[in-house]
Amino acid sequence: MAMKTYTLEEMEDKHIGQVGTPERDKYEQELAEEIQAYHLGEAIKEARLSMNLTQEQLGEMVGVQKSQISRLEKGRRVSIASMARLFKAMGIPLSLEIGGARKIALW
């Protein structure tokens with residue numbers, strides 16, 4: 001007897017909720033945030049490696065433990081304050097564009 005297989009979408013519909021329901025919307029939002037955090041972590045790691053820094057060395061520059069750098073690179077526990085300190089320590093400029101033409105530096 002063959003086992004029935006299901007697509008990811010079928011499993012999400014069954015266990016999380018149909019598209020458009022509050023439960024599914026929450027799931028989709030959290031998933032998108034996790035994916036963004038992962039990509040941001042990968043970018044941090046690439047930048048660190050391009051500067052020939054270890055996690056420990058970068059941690060010293062930022063003022064945090066190596067374990068915090070590891071968590072950031074894995075996309076875990078990423079706060080705006082941590083990111084700002086990290087970017088500042090690495091010399092990565094960061095600004096927000098407000099109203100089309102006006103930019104505000106974050107540090």
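Here we summarise the structure given alongside this text. (Residues numbered from 1 in each chain as written. Predicted model: local features only at pLDDT ≥ 70, side-chain atom pairs only at ≥ 80, totals over all residues. Heavy atoms only, no water.)

1. Considerations on the overall build of the protein
For the record, the criterion: Strands here are runs of E lasting at least two residues and helices are runs of H or I lasting at least four, both read from the DSSP assignment and numbered beginning at the N terminus. Burial classification: accessible surface area is computed with a 1.4 Å probe over protein chains only, and a residue below 20% of its type maximum counts as buried, one above 50% as exposed, and the rest as partly exposed. For this analysis, residues touch if any pair of their heavy atoms sits within 4.5 Å. Surface exposure here means Shrake-Rupley accessible area, sampled with a 1.4 Å probe, where a residue is shielded only by the protein chains that are shown.
Scanning the protein for helices and strands turns up five helices and two strands. Each helix (α) and strand (β) of the protein, taken in turn from the N terminus, gives the series α-α-α-α-α-β-β. In the protein, which comprises 107 residues, the share counted as buried stands at 23%. Within the protein, counting contacts between residues at least 6 apart in sequence, those at least 24 apart form 36% of the total. Of the roughly 8200 Å² that the protein leaves accessible, carbon and sulfur atoms contribute 55%.

2. A look at the nonpolar core
Put simply, the test is: Buried Ala, Val, Leu, Ile, Met, Phe, Trp, Tyr and Cys residues form a nonpolar core when they are joined through side-chain atoms within 4.5 Å.
Counting twelve residues, the largest nonpolar core consists of I44, A47, L53, L58, V62, V64, I69, L72, M83, L86, F87 and M90. Among the elements that line this core, the one with the most residues is helix 5 (residues 80-90), at four residues. Once residues lying within four places of it in the same chain are set aside, the contact partners of L86 are I44, L58, V62, I69 and L72.

3. Here's the deal with the side chain of R48
What counts, and what does not: Under the rule applied, a polar contact is a pair of N or O atoms within 3.5 Å (in protein, one hydrogen donor and one hydrogen acceptor; residues adjacent in sequence only if both atoms are side-chain atoms).
If you trace the backbone, R48 turns up in helix 2 (residues 22-50). Judged by relative accessible area, R48 falls into the buried class, the value being 7%. At 2.4 Å, the side chain of R48 and the side chain of E73 are in polar contact. R48 has contacts with L53, T54, Q55, L58, E73 and M90, leaving out every residue within four places of it along the chain.

4. Focus on the pattern of salt bridges
Pairing between side chains of opposite charge can happen when their charged atoms approach one another. What counts is decided by this rule: In the sections that follow, a salt bridge refers to a side-chain nitrogen of Lys or Arg positioned within 4 Å of a carboxyl oxygen of Asp or Glu.
Here the structure, examined in full by the defined rule, presents five salt bridges. Between R24 and D13 there is a salt bridge, with the nearest N and O atoms lying 2.6 Å from each other. Here D13 lies in helix 1 (residues 8-15) and R24 lies in helix 2, a separation of eleven residues in the sequence. The exposure class of D13 is partly exposed, given its relative accessible area of 25%. Connected via shared salt-bridge partners are E12, D13, R24 and E28.

Keep in mind these values describe shape, not function.
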